[in-house]
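# Residue-level structure breakdown
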Amino acid sequence: MKYDVRWFFLASLHIALPACSGEPGDREAGRDSAPPGGEEPGEATFAPDEPTELWFVELERAPSASGGRARARALSDEARERFRRTAAERGLRYRQRFSFDELWSGISVRVAREGAEALPEMPGVKAVYPVLPVELDIVRAPATIEPDLGVASEMSGVDVVRRDLGVTGQDIRVGVIDSGVDYHHPDLGGCFGPGCRVAFGHDFVGDDFASSDASRQPAPDDDPDDCLGHGTHVAGIIGADGVLQGVAPDVTFGAYRVFGCRGGSRADIILKALERAADDGMDVINISIGTPFQWPDYPTAVAASALVARGVVVVASIGNSGEKGLWAAGAPGVGDAVIGTASVDSARVTRLSFTVAPGDVAIGYTRAVGSPPAPLLGSAPLARTGTPASARDACADLPAGSLAGKIALVRRGGCPFSEKAARAQAAGAVGVVLYNDRPEAMNPSVVGRDRITVPVVGIAQADGELLNARLDAGGVTHTWTGRAVAAQNGTAGLVSGFSSHGLTAALSFKPDLSAPGGSIYSTVPVEHGAYDSLSGTSMAAPHVAGAVALLLGARPELTPARVRDVLQNSALPAPWSGDPAAGVPEGAHRQGAGMIRVDRAIRATTLISPGKLALGESEAGPVTRTLTLENVGAHDVIYDLSHVPAACATGDDHWAPRSGTTGAARVAFSAPSVTVPSLGSATVSVTVTANDALADGGLFGGYLVFTPRGGAEGGALRVPYAGFKGDYQRVPVLKTSGHGAPWLGKVSGARVIPQPGGATYTLASGDVPTVMVHLDHGAERLTMDVIESATGKAWGRALSLSHVGQSSSATAVTRYGWKGTTRLDGRFVVVPDGDYVIKLRALRALGNPDNDAHWDTWTSPVITLDRP
């Protein structure tokens, strides 16, 4: 997202732009961070309650990844010094957080809100982007006591590689950018530093850091120990070796801690960690972190791709926004050269349980994220706070002492799990059992403002209703146990429901690959119980990262680009979740090339590039692409060519797309077979034609299959493809949301009051024109122009944004406040008092700015400026 910021975000109801007061991090580790006790020229000190904003400022210089590093750093120093001088001359109040010159050229700054508008106009500034908050791509899985990763390893061929080929990842360095790693864990080596499994690392934030809490300053140090648990779980999947064995048990780790004990980080911290991991010589980097709905040019995505250009394989989770429909893939996973990873459910689920009496009925549970582990013994009375019909159970304060010494039974809905748990805890509960309000798996999180100190678990809707019925009949005693309740996973081998859909707003092909991510057992910090089960694309990405370590150990000649190609060629598509027995693959926009099979990748002697085809929009007709097959084997190989169409995404509502098998594309090859000579190459052309039976606006895809005659090593190879049916510029951006946005409003306390008839604004004390905007799809460009209402005179442009991600839900809105200034013919203009309208325009994704039909337009009611 490139921003011209004469408008500021007053608040954001979806992740769009950081607006904060006293945001921590102004002196975080960085080559140009201000020294303690001093300030850089042009920098400022902010009052704790002063409103500020965080921005990436991209400078006009290529990062050192694309040229000589010493010269590039010198140019970076010159560019930053120019920025500082200009800032001082123009009175811009800012503080620098980080500088970047390794993978992306620029700085991140905290700037006074009233000065943010000056950033795009500074000499040498190429673009500005918001420093977005980032979260871990995790959902809680059923707690399991499964003692290994054997089930997941069988799904991906890892077991074959270790058993039959003897490859374990030795001498491969894998960086984990996450919440740190508990290097005390015996399965992860038990120590930190040279000679240890966790040999490299850095803590960028410290224990108390939380991006949402301005009072908690970062405290960087060289100890990347993990108190949150996520990074240790990720590291265990990659390479644990002990009670549990990870994918590549002999890798060496680099641990780069970017989350404190409470979670939450910022995109600029992630980018700085990428630079450090590169300096430490990592061969593979895993990032189980994301910000959804991003374009591929967001700084973390660009930096990750630049790292790939330097020879490092970067694997990232694609996101857990599966319930939010199409286009939800997150950065950095959307980076052009990054391996963006989707999740597939594991084959078996084993949960710990509690029992209830009378009857000694065992009920399996899921431990809530942020909750302490449940004990393995102990009994207490069960008490409920509502009924199975309660829409807002425990969403209001409960009577003091009403749950003293009891386990609280609480229904989902109406308010966050964290608030329910906090209220039950405040009322004296010694534990909380949350039950679902719908017939599906529940993965609660109680991470929030209040620290939860009692065990909180989640159970199924049917189990919650059973407990309510038992309470109707009389008293119920709840008993914690160590008993396991095991079951085959009914969704085994299917793409996880939480896994984010592609494609990107730029119609690039994402995700790239899939791996086991649903119900994965791995290491957690010893003080958290040593082992636990989690779900998320956070768990799928490290499985791929570990597989890459195995692949590089077996085939060290592969470049990062070829690593992704060979993994995609050898992947096995997951079946369609709509009917797993139908023989149709799940949509390519959901799983990419499919489930990794690293055993097939290692044994393959032919590589097909590119490993995926992004076909764009079908409006222009059939698309023809050329594929190159390279054979490193000792014998010529003949491949027969065929096509397997995948499920399509259909329907008018991309927030809730339907999946179907009608409308498959037609595929024609330039020849029915192709011979690839030993140590040589061959090419084949393929033409893909969208099917008229698929309604415009749908996504189509499938797999081009190359089957070797005579059983060549590695078996059949595949190349996935995906495209958009119809005219992509017919997808609206300013589609009216559930709140009727866009609309003009006036701020009143914490509320924004609609002003359908127009309003008068003083521009003082926050009384500014406020426009509520819902972006129903990614915007190529977003502009706002100010026009005198009586004469039509143009007073300039108040907003100019590029590559803005869509809103986070069908009803989410972002509010913008205008401060009364514009840019007109390159000049800064203070618009005088008077009557005006604002014309909001959104250029549809990949649209032509010279084509009026590609723009959505909205004009506000009359805005009267009347300064005191």
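Residues numbered from 1 in each chain as written. Predicted model: local features only at pLDDT ≥ 70, side-chain atom pairs only at ≥ 80, totals over all residues. Heavy atoms only, no water.

### Description of the overall build of the protein
Across its full length, the protein holds 12 helices and 51 strands. When contacts within the protein are restricted to residue pairs at least 6 apart in sequence, long-range pairs at least 24 apart make up 78% of them. When the accessible surface of the protein is totalled, it reaches about 29600 Å², and 51% of it is carbon and sulfur. (Helix = DSSP H or I, 4+ residues; strand = E, 2+ residues; numbered from the N terminus. Contact = heavy atoms within 4.5 Å. Areas by Shrake-Rupley, 256 points an atom, 1.4 Å probe, with all protein chains shown as cover.)

### Overview of the pairing of strand β32 (residues 637-645)
Judged from the 4 bridges that link them, β32 and strand β36 (residues 673-676) form a sheet pairing that is antiparallel. Bridge assignment links Val637 to a residue of β36, and that residue is Val676. Where β32 meets strand β38 (residues 699-708), 7 bridges bridge the pair, whose relative direction is antiparallel. Paired with His643 across the strands is Leu704, a residue of β38. (Pairing = 2+ DSSP bridges.)

### Topic: the pattern of salt bridges
What the rule picks out here adds up to 29 salt bridges. Across the pair Arg310 and Glu102 runs a salt bridge whose closest N-O atoms are separated by 3.2 Å. Of this pair, Arg310 sits in the loop between α6 (299-309) and β16 (313-317) while Glu102 sits in the loop between β5 (94-100) and β6 (106-112); the two residues are 208 residues apart in sequence, bridging distant segments of the chain. Residue Glu102 is classed as buried on the basis of its relative accessible area of 1%. Put simply, Asp472 and Arg384 hold a salt bridge, and the shortest N to O gap is 2.7 Å. Of this pair, Asp472 sits in helix α8 (residues 461-473) while Arg384 sits in strand β21 (residues 379-384), and the two are 88 residues apart along the sequence. Judged by relative accessible area, which is 59%, Asp472 ranks as exposed. We classify Arg384 as partly exposed; its relative accessible area is 32%. Linked by salt bridges that have partners in common, Lys510, Asp512, Arg564 and Lys612 make up one network. (Salt bridge = Lys/Arg side-chain N within 4 Å of Asp/Glu carboxyl O. Buried < 20%, exposed > 50% of the residue type's maximum accessible area, 1.4 Å probe, protein only.)

### A few points about the sheet that holds strand β12 (residues 252-257)
Taken together, the 7 strands give an open sheet; going across it, the order is β11-β12-β10-β14-β16-β17-β26, and neighbouring strands pair in parallel fashion. Two strands bound the open sheet, and with one partner strand each, they are β11 (198-203) and β26 (513-518). Looking at each pair of strands side by side, their axes are set apart by 25° on average, direction ignored. Here β11 pairs with β12 via 5 bridges, running parallel. The partner of Val198 across the bridge, within β12, is Phe253. Together, β10 (173-178), β14 (284-287), β16, β17 (339-345) and β26 form the strand contacts of helix α9 (residues 537-554), whose direction differs from that of β17 by roughly 115°. (Axes fitted to C-alpha atoms, helices over the stretch in contact; angles between N-to-C directions.)

### A closer look at the side chain of Asp268
Inspection of the secondary structure puts Asp268 in helix α5 (residues 267-279). In terms of polar contacts, Asp268 uses its side chain to reach the side chain of Arg97, at 2.5 Å. Reaching out from Asp268, the side chain makes a polar contact with the side chain of Ser108 at a distance of 2.8 Å. When neighbours within four sequence positions are excluded, Asp268 is seen to be in contact with Phe56, Arg97, Phe98, Phe100, Ser108 and Val131. (Polar contact = N/O pair within 3.5 Å; in protein donor to acceptor, adjacent residues only side chain to side chain.)

### As for the sheet that holds strand β35 (residues 666-669)
In space, the 4 strands of this open sheet follow the order β29-β31-β37-β35, with antiparallel pairing throughout. A single partner strand is all that each edge strand has here, and the edge strands are β29 (606-609) and β35. Put simply, the sheet's adjacent strands are angled 25° from each other on average, direction ignored. Relative to strand β31 (residues 623-631), β29 runs antiparallel, the two being bridged by 4 bridges. Note on β31: the bridge partner recorded for Thr606 is Asn631. Against the sheet, helix α10 (residues 560-570) touches β29 and β31, its axis set at about 105° to β29.

### What about the layout of surface pockets?
Computed from the structure, the second largest pocket encloses a volume of approximately 350 Å³. Gly651, Asp652, Asp696, Gly697 and Val731 are, among the 21 residues lining the second largest pocket, the residues nearest its centre. Partitioning the lining of the second largest pocket into residue classes produces 7 nonpolar, 6 polar and 8 charged. (1 Å grid on protein atoms, 1.4 Å probe; cavity = no way out; pocket = protein on both sides within 12 Å on 5 of 7 lines; lining within 4 Å. Points joined across faces, edges and corners; volume = space filled by probe spheres on them. Nonpolar A, V, L, I, M, F, W, Y, C, P; charged D, E, K, R; others polar.)

### Describing α8
The end-to-end C-alpha separation of α8 is 19 Å, in line with the 18 Å expected for 13 residues at 1.5 Å each. Here α8 has its buried residues at Gln461, Gly464, Leu467, Asn468 and Leu471. The arc that holds every buried residue of α8, seen down its axis, measures 125°, which confines them to one face. Exposed side chains of α8 directed beyond 90 degrees from the buried face belong to Ala462 and Ala473. One or two residues past the end of α8 sits Gly474, with phi positive at roughly 150°. (Expected span 1.5 Å × (residues − 1). Arc of directions from axis to C-beta.)

### Some points on the nonpolar core
Across soluble globular proteins, you tend to see nonpolar side chains buried next to one another. Val548 and Leu551 are the most contacted members of the largest nonpolar core, which totals 55 residues. Among the elements that take part in this core, α9 stands out by supplying 11 residues, more than any other. Residues contacting Val548, with those up to four places away along its chain left out, are Val284, Val313, Val315, Ile339, Val563 and Leu567. (Core = buried A, V, L, I, M, F, W, Y, C linked by side-chain atoms within 4.5 Å.)

### What about helix α3 (residues 158-165)?
Among all positions in α3, only Val158, Val160, Val161 and Arg162 are buried. Positioned one or two residues after α3, Gly166 has a phi angle of 70°, which is positive.

### Comments concerning the state of the cysteines
Summed over all chains, the structure comprises 3 disulfides. For Cys191, the disulfide goes to Cys196, at an S-S distance of 2.1 Å. Because the sign of the S-S torsion sets the handedness, a value of about -125° for the bond joining Cys191 and Cys196 places this disulfide among the left-handed ones. Given a relative accessible area of 30%, Cys191 falls into the partly exposed group. A disulfide bridge connects Cys227 with Cys261, and the sulfur atoms are separated by 1.8 Å. Taking the torsion about the sulfur-sulfur bond, which here is approximately -105°, the covalent link between Cys227 and Cys261 counts as left-handed. (Disulfide = S-S within 2.5 Å.)

### Description of the packing of α9 against α10
With their axes 11 Å apart at the nearest point, α9 and α10 run at an angle of 105° to one another. Judged by the angle between their axes, α9 and α10 are roughly perpendicular. Residue-level contacts link Val548, Leu551 and Leu552 of α9 to Val563, Val566 and Leu567 of α10. A per-class count over the contact of α9 with α10 returns 6 nonpolar, no polar and no charged. (Parallel < 35°, antiparallel > 145°, perpendicular 65-115°, else oblique.)

### Some details on unusual backbone geometry
A cis amide bond links Ala331 to the next residue, Pro332, at an omega of 10°. Across the junction of Gly502 and Leu503, the peptide omega takes the value -5°, indicating a cis bond. Tracing the backbone through its elements, the reader meets Leu503 in the loop between β25 (477-488) and β26. Phi is positive for Asp171, close to 70°, though the residue is something other than glycine. The topology assignment puts Asp171 in the loop between α3 and β10. When its relative accessible area of 67% is taken as the criterion, Asp171 is described as exposed. Residue Ala530 is not a glycine yet carries a positive backbone phi of 80°.

### Description of the environment of Gly757
With respect to the helices and strands, Gly757 occurs in the loop between β41 (751-754) and β42 (759-761). On a C-alpha basis, the gap between Gly757 and Ser860 in space is 9.4 Å, while along the polypeptide they are 103 residues apart.

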